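In case you want the letters, here they are:
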Amino acid sequence: MIGPHGLCPQQPGDIDMTHQVDASSPSPENLPLPPGKSGLPLLGETLEYLRSSRAFIQRRHSQYGPVFRSHVLGSPTAFLLGPEAIQWIFAGEGKYLKNRWTPGIRQLLGAHCLSMIEGEEHLERRRLLAPHFSYATMRGFVPSIESLATRHFERWAALPGDFTLWPAMRELAFEIALALIFGQDTVDVPFLMRHFKAWTAGLFSPLTVNLPWTTFGRALAAKKAMVGYLDKVVAERQTRTEQPPDLLGSLLQSRDEGGAPLTRETIVEELQLLLFAGHDTTVTATANLMLLLAQHPDVLQRGREAVAGLNGPLTLDALRAMPYLAQLINEGMRRIPPIGGAFRVTTQDVVFKGFRIPKGWMVPVSIRAAHAGSNWPDPDRFDPDRFGSERTEQKKPGAFIPFGGGPRICLGQHFAMVEMSVMLTLLLKHYAWELVPGQDLEYLLVPFPQPKSGIQLRFRRLG
Ligand code: HEM
């Protein structure tokens, strides 16, 4: 195993349950709420939290300790920090906690996809989908990722001047996601990309008013267009006697325990979710890693040395034989987690560390705080050696959680690691890139951590 997220199988749901706190005992009524305050009426402490969740959490942590309460994003909230708390949250899924989504996201993602369903239905759906994300399946995708990435990188290298990495990486990752889902079938990439952009913009819009000139209204219109298109693609596939070995083919052949297929509506929602969950996350991780490497030439050089001996087309085994690749990717995601956190809500009164957390409170899973916490010496330093086999800080359960954990651990984590490893290997072996001076590298954290400039690069082919 190469670190917690190396290129080796890790079972979804693998978590250490030793820290689980029995939610039913002791009886919560007489226990105190966590220390903290509720802030202003209605708004609570939301503005300060949105200004910088990291600074907000650090301040409260030093004032109250690792368990505190607040009122943010319209809900009373219990912040529980540290690896043990993270384990407790992951272990609570479906028992004393459930997923919490904003009404806007619910509307845009739909009610039937994996992220929205709960309990047995959720576990059953994961069982259906998991085989399509196994390493065995990923093995077959390496050549198409390599060929798509090479085509895009060659185009970047041929550009006459500087270019902005973020939108270019989005195009590449979108095509890779489409290849995973639709295999060799031809789909209208520009049409889907255009509507996908408008749709994802709405997922994080604070204003959920459905009017044609609002971001949310445009997102709903884009969803309608995408659903109409995807529905036709799925309907056409349903007429075939044999399904190709791509994700859509597997979804169409899935049967639940009663032998029933997924409905077309559910399949279309699942396709949308996979495009959403698997796209900007890998864009963010890879683009930010390229930035970090440009800022750390010594690390970049070690990366180049790690891939120097590689010849011929890429294979999963060749990628696995280069553990430094996973170290680079993991440290990139530790330093700048693509997803800063997720939200859960308590489904009953529960007790954590002697504090009562009432039913209906929000409980954030703060990935960003976990990756910057005291578990990590000098946490702001970009140091891939943290993930070397002789180091231990990354091994502590709940310390390194870029893909979440528990029953909702990222379904696409192996695919993401393989995709990012292929891209990184090609970049390290064949290309050089440097940052255009004078650009604004201050980070915007919502919806994904991205420098304001979008990362302007000079990019060329080596040798
Ligand atoms: C660097 C890349 C990625 C990162 C950092 C990432 C991160 C995450 C995280 C943190 C969660 C858990 C959210 C929660 O607890 O509520 C999650 C869930 C999920 N991810 Fe990923 N992800 C990545 C790539 C992908 C890819 C490539 C796919 C699919 C193609 C994917 C599909 C999903 C799905 C379907 C879920 C929902 C799982 C469930 O609710 O059971 N992700 N991801």
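Residues numbered from 1 in each chain as written. Predicted model: local features only at pLDDT ≥ 70, side-chain atom pairs only at ≥ 80, totals over all residues. Heavy atoms only, no water.

Remarks on the overall build of the chain
When you go through the chain residue by residue, the secondary structure sums to 17 helices and 12 strands. Its C-alpha atoms put the chain at 70 × 55 × 45 Å along the principal axes. Residues classed as buried in the chain amount to 52% of the 463 residues present. One finds the centroid of the 48 positive side-chain charges in the chain at a distance of 4 Å from the centroid of its 44 negative side-chain charges. (Helix = DSSP H or I, 4+ residues; strand = E, 2+ residues; numbered from the N terminus. Buried < 20%, exposed > 50% of the residue type's maximum accessible area, 1.4 Å probe, protein only. Lys, Arg positive; Asp, Glu negative; His and termini not counted. Charge placed at Lys NZ, Arg CZ, Asp CG, Glu CD.)

Overview of the pattern of salt bridges
Summed over the entire model, instances satisfying the criterion amount to 32 salt bridges. Of the charged contacts, one joins Asp 317 and Arg 139 as a salt bridge, the two residues approaching to 3.4 Å between their closest N and O atoms. Of this pair, Asp 317 sits in helix α14 (residues 316-320) while Arg 139 sits in helix α6 (residues 135-158); the two residues are 178 residues apart in sequence, bridging distant segments of the chain. Asp 185 is paired through a salt bridge with Arg 237; the nearest N and O atoms lie 2.8 Å apart. Placement of the pair is Asp 185 in the loop between α7 (165-182) and α8 (189-203) and Arg 237 in helix α9 (residues 215-238), with a sequence separation of 52 residues. For Asp 185, a relative accessible area of 23% corresponds to the partly exposed category. In this structure Arg 237 comes out as buried when scored by relative accessible area, which is 0%. (Salt bridge = Lys/Arg side-chain N within 4 Å of Asp/Glu carboxyl O.)

Quick word on α6
For α6, which comprises 24 residues, the first-to-last C-alpha distance of 34 Å matches the rise-based estimate of 34 Å (1.5 Å per residue) to within 8%. By the largest-angle criterion, Phe 141 marks the main kink of α6, which is about 40°, and a proline, Pro 143, follows within four residues. Three or more residues of α6 are buried, namely Tyr 135, Met 138, Phe 141, Val 142, Ile 145, Glu 146, Leu 148, Ala 149, His 152, Phe 153 and Trp 156. (Expected span 1.5 Å × (residues − 1). Bend = angle between axes of the 7 residues up to and from the residue.)

What about the packing of α8 against α9?
In a pair of packed helices, the angle between the axes and the distance between the axes together describe the arrangement. Orientation of α8 relative to α9, taken along the N-to-C sense of each, is 140°, at an axis distance of 7 Å. Between α8 and α9, the angle falls in the class oblique. In this structure, the crossing between α8 and α9 has a hand that is left-handed. Contact residues: Phe 191, Leu 192, His 195, Phe 196, Ala 198, Trp 199, Ala 201 and Gly 202 in α8; Thr 215, Phe 216, Arg 218, Ala 219, Ala 222, Lys 223, Ala 225, Met 226, Tyr 229 and Leu 230 in α9. (Axes fitted to C-alpha atoms, helices over the stretch in contact; angles between N-to-C directions. Parallel < 35°, antiparallel > 145°, perpendicular 65-115°, else oblique. Left-handed = near helix turned anticlockwise from the far one by under 90°. Contact = heavy atoms within 4.5 Å.)

Brief notes about empty space enclosed by the protein
Here the structure, examined in full by the defined rule, presents two cavities of 30 Å³ or more. Here the largest cavity defines a volume of roughly 50 Å³. If you go around the largest cavity, the residues you meet are Ala 285, Thr 286, Leu 289, Leu 328, Ile 329, Gly 332, Met 333, Met 420 and Leu 424. Of all the secondary-structure elements, those providing two or more residues to the lining of the largest cavity are α12 (280-295), α15 (323-335) and α17 (413-430). Sort the elements by how many residues they give to the lining of the largest cavity and α15 lands first, with four residues. (1 Å grid on protein atoms, 1.4 Å probe; cavity = no way out; pocket = protein on both sides within 12 Å on 5 of 7 lines; lining within 4 Å. Points joined across faces, edges and corners; volume = space filled by probe spheres on them.)

Topic: the packing of helix α13 (residues 297-307) against α15
At a minimum axis separation of 9 Å, α13 and α15 run at an interaxial angle of 150°. Considering the angle they form, α13 stands roughly antiparallel to α15. For the element pair α13 and α15, the recorded crossing hand is left-handed. Between α13, through Val 299, Arg 302, Gly 303, Ala 306 and Val 307, and α15, the contact on the second element is made entirely by Tyr 324, Leu 325 and Leu 328. When the residues that make up the contact of α13 with α15 are grouped by side-chain class, the tally is six nonpolar, one polar and one charged. (Nonpolar A, V, L, I, M, F, W, Y, C, P; charged D, E, K, R; others polar.)

As for the layout of surface pockets
Looking at the second largest pocket, its volume works out to about 440 Å³. Together, 18 residues line the second largest pocket, and Ser 144, Ala 179, Phe 182, Gly 183 and Gln 184 are the ones closest to its centre. Every element with two or more residues in the lining of the second largest pocket is listed here: α6 and α7. Of all the elements, α6 adds the most residues to the lining of the second largest pocket, at five residues. Among the residues making up the lining of the second largest pocket, the classes are represented as nine nonpolar, six polar and three charged.

Re the site of the ligand
Close contacts around the ligand come from 30 residues, with His 122, Arg 126, Arg 344, Arg 408 and Cys 410 the closest. The separation between an oxygen atom of the ligand and a polar side-chain atom of Arg 126 is 2.9 Å. Where the shell around the ligand is concerned, the elements lending two or more residues are α5 (119-129), α11 (264-277), α12, β5 (341-346) and α17. Here the residues of the shell around the ligand sort into 19 nonpolar, eight polar and three charged. (Near = heavy atom within 4 Å. Polar contact = N/O pair within 3.5 Å; in protein donor to acceptor, adjacent residues only side chain to side chain.)

Some details on the side chain of Glu 269
Mapping Glu 269 onto the fold places it in helix α11. Those residues in contact with Glu 269 that sit more than four places away from it in its chain are Leu 109, Gly 110, Ala 111, His 112 and Cys 113.

Structural notes on a nonpolar patch on the surface
A surface patch of nonpolar side chains, amounting to about 410 Å² of accessible area, comprises Leu 207, Val 209, Leu 211 and Trp 213. Within the element layout of this structure, Leu 207 appears in the loop between α8 and α9. Look at Leu 207 and you get exposed, because its relative accessible area is 53%. (Patch = residues over 30% accessible without salt bridge, like charges linked within 9 Å, V, L, I, M, F, W, Y side chains within 5 Å. Areas by Shrake-Rupley, 256 points an atom, 1.4 Å probe, with all protein chains shown as cover.)

Re the packing of aromatic side chains
Ring pairs (aromatic) are described by centroid distance and by the angle formed between their planes. As enumerated under the stated definition, the model contains 22 aromatic pairs in all. Ring plane angle 40° and centroid distance 5.2 Å describe the contact between Trp 156 and Phe 163, whose orientation is recorded as tilted. Residue classification places Trp 156 among the buried residues on the basis of a relative accessible area of 2%. For the ring pair Phe 196 and Trp 199, a centre distance of 5.9 Å and an interplane angle of 50° mean the geometry is tilted. In this pair, Phe 196 and Trp 199 are both assigned in helix α8, three residues apart and thus about one turn of the helix distant. We classify Phe 196 as buried; its relative accessible area is 0%. Members of the aromatic cluster, each reached through a chain of ring pairs, are Tyr 49, Phe 56, Tyr 64, Phe 68 and Phe 79. (Phe/Tyr/Trp six-rings, centres within 6.5 Å; stacked < 30°, edge-to-face > 60°.)

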